[in-house]
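Observations on the model geometry
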There are 2 protein chains.
Amino acid sequence: MKTVNELAKWLLEHDDYLILTHRRPDGDATGSAIALCLGLRAVGKTAHIWANPQFTPRYAERLDGLLTDTVTDETTVISVDMATEGLLPINGDRFEGKTRLSIDHHPSNTGYAAHTFLRSDSAACGEIVWELLEELGVTPTKEMAEAVYIAVSTDTGCFRFANTTARTFMTAAKAVEHGADIAPINRALFEIKSRGRLQLESRLMANMEFFADGTVAIACLPQTWVEELEVTEDDLDSISGFPRTVDGVQVSVLIRDSEPGRAKMSVRTAAGFDASRYCGYLGGGGHKAAAGCSVEGTLMDGKRAIMDVLKKENVI
Amino acid sequence: MKTVNELAKWLLEHDDYLILTHRRPDGDATGSAIALCLGLRAVGKTAHIWANPQFTPRYAERLDGLLTDTVTDETTVISVDMATEGLLPINGDRFEGKTRLSIDHHPSNTGYAAHTFLRSDSAACGEIVWELLEELGVTPTKEMAEAVYIAVSTDTGCFRFANTTARTFMTAAKAVEHGADIAPINRALFEIKSRGRLQLESRLMANMEFFADGTVAIACLPQTWVEELEVTEDDLDSISGFPRTVDGVQVSVLIRDSEPGRAKMSVRTAAGFDASRYCGYLGGGGHKAAAGCSVEGTLMDGKRAIMDVLKKENVI
């Protein structure tokens, strides 16, 4: 399926939709599902979103009236923002081999669905959904506009990340034109941090160690802090990137002991460095700019191991 | 002057432009001045930007070749983003009563210039400049596009603040379409913080006090920290709002002793509270959501004074 027109046609030809989101659904998955579900209903279709038990409470109100946990043989199962069946919701094993259509923006999409609409130059799946709504002739409501705004803003770190394009801004502009009230959304998603998260960042910063003229930062995040400050996994969102927000830092390592007896390292690097290569030494891997690995032992063991690697690579 | 068309016409009819920015120029003032200067040159005009000694080093390269510190009687003096003559650059007394045209978005513009083009529903002056470039028939270059992007993104906190409109996003979309390379700009302006700033935030958070079930936060910022951590005034940008980024905080106070013998309080409030009213008790004032005041004495004296006010007002 190549064009949004073909995508719209296919959707108009079928009915009784069930929309899947991936496990630990983020703003893009959730927002895209909501906007698509409402859009399909607007053109007279029956449409529901699969009750993914990991939807965060933050979006509960927006999902109200859209969820279902039943499915029949006639149901047309489609997915949004889901690159592989390995990411099916934790209560979604039954959908293996059952997805009729995948709407996605991940270049790594495995083609698990019968049909795939993939646009990998989209910053967010929400961009595709917005265009689809236009193609379907749906007049976007405030609810749809806000759902798409949540999708595109969260997947771009509020338009900060390198994936942001002119089309991303254009989608946001249209969402606002169609009534999206973005100020409270922005404040909740991008401005406010929980007291626990801020206290945790405070401790991370106070204990962060710098090497090689401040170009390398290593921070340990003991699980005892997580418990003591009562921070949730939601609070810890993208904490791995925190040491890289310090001016001058090119290579950052965050070490956690969330799994007892293991030290897990998240490595983030700027251009000219290779996180994946460093993590490879310790049996891990990932991308050039972001990779991970782990060793047996304590936080200190992890720190020693990754520092040995960085020394071997002449980074420190 | 009501329409962008009239504004463009006026600019085409004059020549030999000198563009003023306000004291302590921010991203909007600087970016608007750069884009306007380049745009005027693109239509064959002579145009320069007044060498405001307070331009931050961050924008030095972009200002290269645009600055002047000479002015003649024939010079057409115009200003961008400057609401009042009280904000003339620290080396700009000579321009009192001399501004021919003010291009601005502040509702508080005093009308100090012979002509004023004011659009107070613009999030940034840069939005106006972009429309003006279009009206002048200028094909925006990468330099102009990036200058306007800096203007609109900084004045909206990277599209987070409540002043962001569909037009803001549209302007950003067009800037990207015209070659603005926004990823490095976003990282430098919105992602990276200096080590000193982060260490300062860390201390602020560790010492912040909460009252009334966490809805009120009070933080002291001793000048000794500023000196010890070698943080600059640039680093301290919008630090007053920091306690308000904690989830649940409705009323926040930041107290500084940057002026010896005085405690200066910055109060920030959510809807339903009145910062201006609280500061009024201590001889200060401002807006409902953001106000300031000061008392003689130490940080502790300041804290005591503002706490007395908050008790009187049943806030704590």
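Note that the structure is a prediction, hence the values are computed from the model and not measured. Within every chain, residues take consecutive numbers counted from 1 along the sequence as written. Each chain takes a letter, starting from A, and each ligand takes a number, starting from 1, following the order in which they are written. Where totals are concerned, whole chains, interfaces and linings use all residues; where local detail is concerned, this predicted model gives features only for residues with pLDDT of at least 70, and gives and counts side-chain atom pairs only at 80 or more. In computing side-chain values, all of the structure's heavy atoms are included and hydrogens and water are not.

It is worth spelling out the overall build of chain A at this point. Secondary structure elements are defined from DSSP: runs of H or I of at least 4 residues count as helices, runs of E of at least 2 residues count as strands, and each element is numbered from the N terminus. A tally of regular secondary structure across chain A gives eleven helices and twelve strands. In this setup the radius of gyration rests on C-alpha atoms only. A globule is expected at 2.2 Å times the number of residues raised to 0.38. At 21 Å, chain A has a C-alpha radius of gyration in line with the 20 Å of a compact globule built from 316 residues. Once the C-alpha set of chain A is aligned to its principal axes, its extents read approximately 60 × 40 × 35 Å. Burial classification: accessible surface area is computed with a 1.4 Å probe over protein chains only, and a residue below 20% of its type maximum counts as buried, one above 50% as exposed, and the rest as partly exposed. Within the span of chain A, comprising 316 residues, buried residues form 53% of the whole. Two residues qualify as a contact provided that any one of their heavy atoms is within 4.5 Å of a heavy atom in the partner residue. Considering only contacts in chain A between residues 6 or more positions apart, those separated by 24 or more positions represent 63%. Looking at chain A as shown, the accessible area adds up to about 13300 Å², and 47% of this sits on carbon and sulfur atoms. Averaging the locations of the 32 positively and 45 negatively charged side chains of chain A gives two centres separated by 4 Å. Surface accessibility in these figures is a Shrake-Rupley result with a 1.4 Å probe; residues are shielded only by whichever protein chains are displayed. Charged residues are defined here as Lys and Arg on the positive side and Asp and Glu on the negative side; His and the ends of the chain fall outside this count. Note that the charge is assigned to NZ on lysines, CZ on arginines, CG on aspartates and CD on glutamates.

On to the environment of A:I90. All names here are of chain A. Following the sequence through the fold, I90 ends up in the loop between β4 (76–80) and β5 (101–104). It is 8.8 Å that separates the C-alpha atoms of I90 and H22, two residues lying 68 residues apart in sequence. The residues contacting I90, other than those within four sequence positions of it, are R23, P53 and Q54.

Moving on, we come to the relation of the copies chain A and chain B. In superposing the copies, a least-squares fit is computed on C-alpha atoms, taking residues whose pLDDT is at least 70 in both. Of the transformation placing chain A onto chain B, the axial shift is 0.0 Å and the rotation is 180°, giving an RMSD of 0.0 Å. In the structure described here, the two chain copies are related by an operation that fits a two-fold rotation axis. By C-alpha distance to the rotation axis, the residue of chain A lying nearest is A:S202, at 1.9 Å. An overlap of 100% is found between the interface residues of chain A and their copies at the interface of chain B, pointing to a shared contact surface.

Residue and element names in this part refer to chain B. What counts as a salt bridge is simple: a side-chain nitrogen of Lys or Arg found within 4 Å of a carboxyl oxygen of Asp or Glu. For the structure shown, the criterion picks out 28 salt bridges over all chains. A salt bridge links R62 to E146; the shortest N-O distance between them is 2.9 Å. Note that R62 is positioned in helix α3 (residues 60–63) and E146 in helix α5 (residues 142–155), a separation of 84 residues in sequence. What makes E146 buried here is its relative accessible area of 7%.

Attention now moves to the confidence of the model for chain A. Every residue carries a pLDDT, the predictor's confidence in it, which falls somewhere between 0 and 100. For chain A, mean pLDDT is 95; residues scoring 70 or higher make up 100% of the total. With pTM at 0.87, the complex prediction returns an ipTM value of 0.86.

Facing the 37 residues of chain A at the interface are 37 residues of chain B. In total, chain A and chain B occlude about 3200 Å² of area from one another, counting both sides; carbon and sulfur atoms represent 65% of this. Among the residues chain A hides against chain B, the three largest losses belong to A:R160, A:F169 and A:R195. Together they make up 20% of the total. At the surface where chain A touches chain B, the tally comes to two salt bridges. Residue B:R160 pairs with A:E191 through a salt bridge whose shortest N-O separation is 3.3 Å. Those elements that place two or more of their residues in the side of chain A that touches chain B are α6 (166–177), α7 (182–191) and α8 (195–207) of chain A. Sort the elements by how many residues they give to the side of chain A that touches chain B and α6(A) lands first, with seven residues. Side-chain classes follow a simple rule in which Ala, Val, Leu, Ile, Met, Phe, Trp, Tyr, Cys and Pro form the nonpolar group, Asp, Glu, Lys and Arg form the charged group, and the remainder, Gly included, forms the polar group. Of the residues contributing to the side of chain A that touches chain B, the split by class is 21 nonpolar, eight polar and eight charged. What gets called buried area is simply the loss in accessible area from a 1.4 Å probe that two parts show on being joined, summed for both.

Residue and element names in this part refer to chain B. Most of strand β9 (residues 251–256) is tucked away, with six of its six residues classed as buried. Here β9 shows a buried face lined by V251, V253 and I255 and a second buried face lined by S252, L254 and R256. Of the strand pairs in this sheet, strand β8 (residues 216–221) and β9 are connected by six bridges, and their pairing is parallel. Each residue of the ladder has a partner; that of A217, found in β9, is S252. We call two strands paired when DSSP finds no fewer than two bridges between them. Inspection of the sheet shows β9 paired to strand β10 (residues 262–269) by six bridges, in the antiparallel sense. Each residue of the ladder has a partner; that of I255, found in β10, is M265. Counted between consecutive antiparallel strands, the loop separating β9 from β10 contains five residues, among which G261 sits at a positive phi close to 85°.

Segment limits for the domains were obtained from an automatic or database-derived domain assignment. What the domain assignment reports for chain A is domain 1 (4–189) and domain 2 (195–312). When each unit is reduced to the centre of its C-alpha atoms, the spacing between domain 1 of chain A and domain 2 of chain A is 32 Å.

Let's shift gears to the sheet that holds β10(B). To summarise the sheet geometry, strands pair through backbone hydrogen bonds and adopt either a parallel or an antiparallel arrangement. Residues and elements named next belong to chain B. With respect to topology, six strands assemble into an open sheet ordered β7-β8-β9-β10-β12-β11, the strand pairing being mixed. Looking at which strands have only one partner, the edges of the open sheet turn out to be β7 (209–211) and β11 (285–286). In this sheet, β8 lies alongside β7 in antiparallel orientation, the contact comprising three bridges. Looking at β8, one finds that F210 is bridged to A217. Contacting β7, β8 and β9, helix α8 (residues 195–207) crosses the sheet at an angle of about 130° to β8. Every axis corresponds to a line fitted to the C-alpha atoms, with the helix fit spanning only the stretch in contact, and the corresponding angles, defined between N-to-C directions, vary from 0 to 180 degrees.

Pairing of aromatic side chains requires ring centres within 6.5 Å, counting the rings of Phe and Tyr and the six-membered ring of Trp. Pairs whose planes differ by under 30 degrees are stacked, by over 60 edge-to-face, and all others tilted. Taken as a whole and judged by the stated rule, the model has twelve aromatic pairs over all chains. Taken together, a centroid distance of 5.5 Å and an interplanar angle of 20° make the contact between A:F159 and A:F169 stacked. In this pair, A:F159 sits in the loop between α5 (142–155) and α6 while A:F169 sits in helix α6, placing the two residues ten residues apart along the sequence. Side by side, A:F159 and A:F169 carry an identical accessibility label, which is buried. Consider the rings of A:F159 and B:F169, whose centres lie 5.1 Å apart with planes at 55°: the pair is tilted. Here the residue A:F159 occupies a position in the loop between α5 and α6, and B:F169 occupies one in helix α6 (residues 166–177), the pair thus bridging two chains. Pairwise contacts between aromatic rings join A:Y149, A:F159, A:F169, B:Y149, B:F159 and B:F169 into one cluster. Directly above the ring of B:F210 sits A:R195, whose terminal nitrogen or CZ lies 3.6 Å from the centroid. Only when the NZ of Lys or the CZ of Arg is both within 6 Å of the ring centre and within 35 degrees of the ring normal is a charge said to sit over the ring.

Mapped onto the secondary structure, A:S102 falls in strand β5. Those residues within four positions of A:S102 in sequence are excluded, and the remaining contacts are A:S79, A:M82, A:N109, A:Y112, A:A113, A:H115, A:T116 and A:F117.

This part takes up the pairing of strand β1 (residues 17–20) of chain B. All names here are of chain B. The two faces of β1 match: Y17 and I19 on one face and L18 and L20 on the other face are all buried. Pairing of β1 with strand β4 (residues 76–80), which is carried by four bridges, proceeds in the parallel orientation. Of the residues in β4, the one forming a bridge with I19 is I78.

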